[in-house]
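Residue-level structure breakdown
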2 protein chains.
Amino acid sequence: MCELLGMSANVPTDICFSFSGLMQRGGKTGPHSDGWGITFYEGKGCRTFRDPKPSFESKVAQLVKNYPIKSQAVISHIRQANRGGVALENTHPFTREFWGKNWTYAHNGQLTDYQGLATGFYTPIGETDSELAFCWILQEVSKQFPVKPNDMKPVFRFIASLCDQLRALGVFNLLLTDGDFVFAYCTNNLHHIIREAPFGHAQLIDENIEINFANETSDSDVVAIIATQPLTDNEVWHKMQPGEYCVFCRGTIMLTNK
Amino acid sequence: MCELLGMSANVPTDICFSFSGLMQRGGKTGPHSDGWGITFYEGKGCRTFRDPKPSFESKVAQLVKNYPIKSQAVISHIRQANRGGVALENTHPFTREFWGKNWTYAHNGQLTDYQGLATGFYTPIGETDSELAFCWILQEVSKQFPVKPNDMKPVFRFIASLCDQLRALGVFNLLLTDGDFVFAYCTNNLHHIIREAPFGHAQLIDENIEINFANETSDSDVVAIIATQPLTDNEVWHKMQPGEYCVFCRGTIMLTNK
C-alpha cells in the first residue's frame, strides 16, 4: 500500500541514509509510485518536501537525499494510492497546528466505513481516508484534553485507544509527531531499531549503499528508526505486533504497551 | 524589512524568472538574509519550500529556481527578521487549513501593540507579529462567516477591513491566498503587473537575466505578479496606494477599492 519511515533522535541527525533506501521503493524496488513526502522538525518549526511524482525519479527527492537536513524528529511516506487520486492534496505527510505546535501524520493502510468519523473543527482538504482519520484523531484529542497536559503519556494512551478503533475499520499503521514525541502504532507492518554506541556498519536492502555509523556519530547519540519494512539487512529490527504502540522521545522509547 | 512576491495566473505557470530576481535580494542585492519561503498551489494541494538560511546561497532556493513547478497561485517571502528570531517556525509563508482549503499568508512590515489580538482557535506556533496577525484574521473571518459563502467578495471586503485595523498598528503589506484567489493589501510597498498578449521582453533588476515571454506563453495566458518592489526595469508596474487592496483570480483583478 504505502511505506512509512520515521526517526527520533537525541541530537539533530540527518536521515539521508534511510531515505535513500526508502526512495527506491517509490517506483523502482517497490510499487509505491503515487507520490511521496518527508517532514523535518527543526525546533518548533517543520518543513515538508512533497511530490506527487514517483520518488525514485523525483528531483525534489534527489535534493533531500543529498542535502543533509539535521533533525530530531522526521516522518516520511511514499504512496501507492488507494483512497483518493494521485494529487498533492492527497500526498502524506499531513501537518496541522494543534496546541500551538505542528502535528504531522502519515498512514499506511486502508480503512472502510470511515466516512462517518466526525472531524468537527478539523476539515479534510483532500479525499483520503488517511487525512480524514487524522482530523478525527485531532478532534477527539481536543475534546478529551481541552488544554495540553504537562504529562503527555495520557494523551498518547488516548491516541492509541483511537488507533484501536481505526484498526477495527481496516489496516492502520501510523506515524504521528509533534516534533518532540514520535508515536508509532502497528496493525500489521511496522518495525523499529534503536541505534546507539557501539555503532557499526549498516547495508541498505534497496540500494547498494553501506554506511559505518561509527564515522557519522558520537558515542552519546541515540537514534530510533521506524519503518514499515526493515531498510537494512545486517541489523536486527524489532517487528511490532498488531495493536502495539511505541512513543519515542529523543531516540528512546518512553511509553509502549508491549 | 522583507520582500513579498505573489502570482495569480489563468494557466499553470512557473515563477522561476521572478523568483530568480527575488532570491538575489536575500543577502546579495538586498539585506533580507533571515530566511525565505515559497508556496505553490497545485489543485487543492500546496507545497512550501522554506529555509532559515539566506536565499541567495540556499540549496533549496537553487532547486526552486531551476525546477519549474507550474502553479496558478504562488506566494513567496524573503525575511529580514524584526519580531521573532531567525528560525524555521518564524519563516513565512504560513499555511493553515480553513474551510477545507489551504490558506497561505506572508507579511511585509512590523506591528506594535499587536499582542492583544485574540486568535481564539488559531494558536500561533512561532513568535512573529505576522503569524499572530494571520491567526487573528482567520479567527475574525470564522466568526463573521461561520460557513463559507458562495460569493467570496464579501469575505475579501471583510479581510480588507481587518487589514485596515492592522495598518493602524504599523506597516502591513500582505499577500494571502486560498489557491483560487490571491489577495494583496498595501500599506506602503506593493506593486503589481498583469502580463498578457502581446507578450514582450523583460529584464530583471537584480540579476542579469532577460526573458522573452512570447516564447514561454500562449496568447490566451494572463499572469499577474505582485511584489513589494518591481522586479523588472523595462515594464510598467502599478504602485499600490496606502489602504489599496486587490483580489486576483486567475490573473485578473476581480475586486479592488482603487
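Below you will find a few notes about this structure.

About the criteria used
- Residues numbered from 1 in each chain as written.
- Chains lettered and ligands numbered in written order.
- Predicted model: local features only at pLDDT ≥ 70, side-chain atom pairs only at ≥ 80, totals over all residues.
- Heavy atoms only, no water.
- Helix = DSSP H or I, 4+ residues; strand = E, 2+ residues; numbered from the N terminus.
- Rg over C-alpha atoms; globule rule 2.2 N^0.38 Å.
- Areas by Shrake-Rupley, 256 points an atom, 1.4 Å probe, with all protein chains shown as cover.
- Lys, Arg positive; Asp, Glu negative; His and termini not counted.
- Charge placed at Lys NZ, Arg CZ, Asp CG, Glu CD.
- Buried < 20%, exposed > 50% of the residue type's maximum accessible area, 1.4 Å probe, protein only.
- Pairing = 2+ DSSP bridges.
- Salt bridge = Lys/Arg side-chain N within 4 Å of Asp/Glu carboxyl O.
- Least-squares fit on C-alpha atoms with pLDDT ≥ 70 in both.
- Contact = heavy atoms within 4.5 Å.
- Axes fitted to C-alpha atoms, helices over the stretch in contact; angles between N-to-C directions.
- Parallel < 35°, antiparallel > 145°, perpendicular 65-115°, else oblique.
- Left-handed = near helix turned anticlockwise from the far one by under 90°.
- Nonpolar A, V, L, I, M, F, W, Y, C, P; charged D, E, K, R; others polar.
- Core = buried A, V, L, I, M, F, W, Y, C linked by side-chain atoms within 4.5 Å.
- Buried area = accessible area lost by both parts, 1.4 Å probe.
- Polar contact = N/O pair within 3.5 Å; in protein donor to acceptor, adjacent residues only side chain to side chain.

Glancing now at the overall build of chain A. Secondary structure assignment for chain A yields five helices and 15 strands. A compact globule built from 258 residues would reach a C-alpha radius of gyration of about 18 Å, and chain A, at 17 Å, matches this within 12%. Taking the principal axes of its C-alpha atoms as reference, chain A extends roughly 50 × 40 × 30 Å. Accessible area of chain A: about 9300 Å², with a carbon and sulfur share of 49%. Considering chain A, the positive charge centre built from 22 side chains and the negative charge centre built from 27 side chains are found 3 Å apart.

We now examine the pairing of strand β3 (residues 45-51) of chain A. All names here are of chain A. Counted residue by residue, β3 has seven buried out of seven residues, so it is predominantly covered. Neither face of β3 is open: one carries Gly45, Arg47, Phe49 and Asp51, the other Cys46, Thr48 and Arg50, and all of them are buried. Here strand β2 (residues 36-42) hands over to β3 after two residues, with Gly43 in that stretch at a positive phi of 65°.

Moving on, we come to helix α1 (residues 16-24) of chain A. Of all nine residues in α1(A), nine are buried, a share of seventy percent or more. Turning to α1(A), its buried residues are A:Cys16, A:Phe17, A:Ser18, A:Phe19, A:Ser20, A:Gly21, A:Leu22, A:Met23 and A:Gln24.

Here the focus is the pattern of salt bridges. Residue and element names in this part refer to chain A. Here the structure, examined in full by the defined rule, presents 24 salt bridges over all chains. One salt bridge connects Arg25 with Glu3, and the closest N-O pair in it is separated by 3.0 Å. One end of the pair, Arg25, is in the loop between α1 and β2; the other, Glu3, is in strand β1 (residues 2-13), with 22 residues separating them in the sequence. The burial state of Arg25 is the same as that of Glu3; both residues are buried. Taken together, the salt bridges that share partners define one network made up of Lys101, Asp178, Asp180 and Arg250.

Turning our eyes to something else, we now look at the relation of the copies chain A and chain B. Note on the copies: chain A fits chain B at an RMSD of 0.0 Å, the axial shift is 0.0 Å, and the rotation between them is 180°. The transformation just described matches what one would write down for a two-fold rotation axis. The fraction of interface residues of chain A whose copies in chain B are also interface residues reaches 100%, indicating that both copies meet through the same surface.

Below, the discussion takes up the sheet that holds strand β3 (residues 45-51) of chain B. Hydrogen bonds between backbone groups are what pair the strands of a sheet, and the pairing can be parallel or antiparallel. Residues and elements named next belong to chain B. Here seven strands make up an open sheet; going across it, the order is β3-β2-β4-β1-β12-β9-β13 and the pairing antiparallel. At either end of the open sheet lies a strand with only one pairing partner, and these are β3 and β13 (238-239). For strand β2 (residues 36-42) and β3, the ladder comprises seven bridges, and the chain directions are antiparallel. Bridge pairing in β3 links Phe40 to Arg47.

Turning our attention to the packing of helix α3 (residues 129-144) of chain B against helix α4 (residues 153-167) of chain B. All names here are of chain B. Interaxial distance between α3 and α4 falls to 10 Å at its minimum, and their mutual angle equals 135°. Taken together, the axes of α3 and α4 are oblique relative to one another. For the pair α3 and α4, the crossing hand works out as right-handed. Counting all contacts with α3, which are made through Ala133, Trp136, Ile137, Glu140, Val141 and Gln144, the residues of α4 involved are Val155, Phe158, Ile159, Leu162, Gln165 and Leu166. Residue composition of the contact of α3 with α4, grouped by class: nine nonpolar, two polar and one charged.

What follows covers the packing of helix α1 (residues 16-24) of chain B against helix α2 (residues 59-66) of chain B. All names here are of chain B. For the pair α1 and α2, the least separation of the axes is 8 Å and the interaxial angle reads 155°. In terms of axis orientation, α1 runs roughly antiparallel to α2. Across the interface between the two elements, Cys16, Phe19, Ser20, Met23 and Gln24 of α1 pack against Ala61, Val64 and Lys65 of α2. Here the residues of the contact of α1 with α2 are counted per class, giving five nonpolar, two polar and one charged.

All names here are of chain A. Strand order in the open sheet made by the seven strands is β3-β2-β4-β1-β12-β9-β13, with antiparallel pairing throughout. Whereas interior strands pair on both sides, the edge strands pair on one side only; in this sheet they are β3 and β13 (238-239). Against the sheet, helix α2 (residues 59-66) contacts β2 and β3, and its axis sits at roughly 35° relative to β2.

Turning to the nonpolar core, a few remarks are in order. One finds A:Trp36, A:Ile38, A:Phe49, B:Trp36, B:Ile38 and B:Phe49 to be the most contacted residues of the largest nonpolar core, which totals 62 residues. Other than its neighbours up to four places away in sequence, A:Phe49 contacts A:Trp36, A:Gly37, A:Ile38, A:Phe40, A:Val60, A:Leu63, A:Val64, A:Ile69, B:Phe49 and B:Val60.

On to the interface of chain A and chain B. Facing 28 residues of chain A, the contacting portion of chain B comprises 28 residues. Contact with chain B buries surface across chain A, with A:Glu97, A:Phe121 and A:Ile125 losing the most and accounting together for 24% of the total. Across the contact surface, chain A and chain B share four salt bridges. Salt-bridge contacts for B:Arg47 lead to A:Asp51; the nearest nitrogen and oxygen are separated by 3.5 Å. Our enumeration of links across chain A and chain B arrives at ten residue pairs in polar contact (both at pLDDT 80 or more). Contributing elements (two or more residues each) for the side of chain A that touches chain B: β3, α2, β5 (94-98) and β6 (101-111) of chain A. A per-element tally of the side of chain A that touches chain B places β3(A) first, with seven residues. The residue inventory of the side of chain A that touches chain B, partitioned by class, reads eleven nonpolar, five polar and twelve charged.

All we've got here are geometric facts, nothing functional implied.
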